[in-house]
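Letter by letter, the chains look like this.
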Amino acid sequence: MSHCHYHALSSVRKWGGEVSDYLPLHQWFDKSKEILADPRHRALRHHAEGIFMLESLFGTVIVNADGREVPVRLIGEQHVIEDLGTIPSFADWARLIEPQAWMMRGQPKLVTIDTNMAV
């Protein structure tokens, strides 16, 4: 799906309520479009850990306009499956990143001088 509104409509069809019940959750998944406006933005949140992160931010359940409790994790799973057809792990995404030299640099080792040494 290309827009959060359509994900929210899909949620309404599945659990009732109104688009506004679900829109903030679907917008959270796609907020990464602000920094990368192509499908690679999904690597930041469209995975199993992202679904659990959604739950930690929005709570275990939401109560929609019909008064129905809907598990947040199910809404997250719906979003990711609609976009990708499956729920990958973050490791699935990370395996596709080709390491570059700048990624491998660590901090230089600090040299310490023992001030107790005899000269």
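Residues numbered from 1 in each chain as written. Predicted model: local features only at pLDDT ≥ 70, side-chain atom pairs only at ≥ 80, totals over all residues. Heavy atoms only, no water.

K.L.:
Looking at this structure, I do not really get the environment of M53. What am I missing?
P.N.:
Tracing the sequence through the fold places M53 in helix α3 (residues 48-58). For M53, a relative accessible area of 32% puts it in the partly exposed group. (Helix = DSSP H or I, 4+ residues; strand = E, 2+ residues; numbered from the N terminus. Buried < 20%, exposed > 50% of the residue type's maximum accessible area, 1.4 Å probe, protein only.)

K.L.:
In this structure, what is going on with the pattern of salt bridges? I would like to understand it.
P.N.:
Side chains bearing opposite charge may pair, as long as their charged atoms lie close to each other. One pass over the structure, following the stated rule, counts six salt bridges. We note a salt bridge from K31 to E34, for which the minimum N-O separation is 2.7 Å. Note that R95 is salt-bridged to D92, the shortest N-O span being 2.4 Å. The exposure class assigned to D92 is partly exposed, which follows from its relative accessible area of 31%. (Salt bridge = Lys/Arg side-chain N within 4 Å of Asp/Glu carboxyl O.)

K.L.:
Even after reading the chapter, I still don't get the layout of surface pockets, so can you show me in this structure?
P.N.:
Where empty space is left can be seen by rolling a probe of water-molecule size over the atoms. Taken as a whole, the largest pocket encloses approximately 220 Å³ of empty space. Lining the largest pocket are L36, R40, H41, A43, L44, F90, W93, A94, L96 and I97. Taken together, the residues that form the lining of the largest pocket break down as eight nonpolar, one polar and one charged. (1 Å grid on protein atoms, 1.4 Å probe; cavity = no way out; pocket = protein on both sides within 12 Å on 5 of 7 lines; lining within 4 Å. Points joined across faces, edges and corners; volume = space filled by probe spheres on them. Nonpolar A, V, L, I, M, F, W, Y, C, P; charged D, E, K, R; others polar.)

K.L.:
Looking at this structure, how should I read the packing of aromatic side chains?
P.N.:
Centre-to-centre distance and the angle between the planes together describe a pair of aromatic rings. Going through the model one piece at a time under the given rule, you end up with two aromatic pairs. When the centroid spacing of 6.3 Å and the interplanar angle of 35° are considered together, the rings of W15 and Y22 count as tilted. Each member of the pair, W15 together with Y22, is buried. Centre to centre, the rings of W28 and F29 are 5.2 Å apart; their planes meet at 75°, and the pair counts as edge-to-face. Here F29 falls in the buried class, since its relative accessible area comes to 0%. (Phe/Tyr/Trp six-rings, centres within 6.5 Å; stacked < 30°, edge-to-face > 60°.)

K.L.:
Can you walk me through the environment of S11 in this structure?
P.N.:
Structurally, the position occupied by S11 is in helix α1 (residues 4-15). By relative accessible area, which is 0% here, S11 ends up buried. Linking S11 and G106, residues 95 residues apart in sequence, is a C-alpha distance of 45 Å. Here S11 is in contact with G16, Y22, H26, I75 and Q78, once residues within four sequence places are set aside. (Contact = heavy atoms within 4.5 Å.)

K.L.:
I'm lost on the nonpolar core in this one. Help?
P.N.:
One broad rule of soluble globular proteins: the nonpolar side chains tend to lie buried together. Counting 13 residues, the largest nonpolar core has Y22, L25, F29, L54, I62, V70 and I75 as the members making the most contacts within it. The set of elements that each furnish at least two residues to this core consists of α1, α2 (19-30), α3 and α4 (72-84). Considering each element in turn, this core owes the most residues, four residues, to α2. Once residues lying within four places of it in the same chain are set aside, the contact partners of I75 are S11, W15, Y22, L25, H26, I62 and V70. (Core = buried A, V, L, I, M, F, W, Y, C linked by side-chain atoms within 4.5 Å.)

K.L.:
Which parts of the structure should I look at to understand α2?
P.N.:
In an α-helix, one full turn covers 3.6 residues, which means residues spaced three or four apart are oriented alike. Taking 1.5 Å as the rise per residue, α2 with 12 residues should run 16 Å; its terminal C-alpha atoms sit 16 Å apart, in good agreement. Residues of α2 that are buried include every one of D21, Y22, L25, H26, W28, F29 and D30, and no others. Taken together, the buried residues of α2 touch α1, α3, β1 (61-63), β2 (69-71) and α4. (Expected span 1.5 Å × (residues − 1).)

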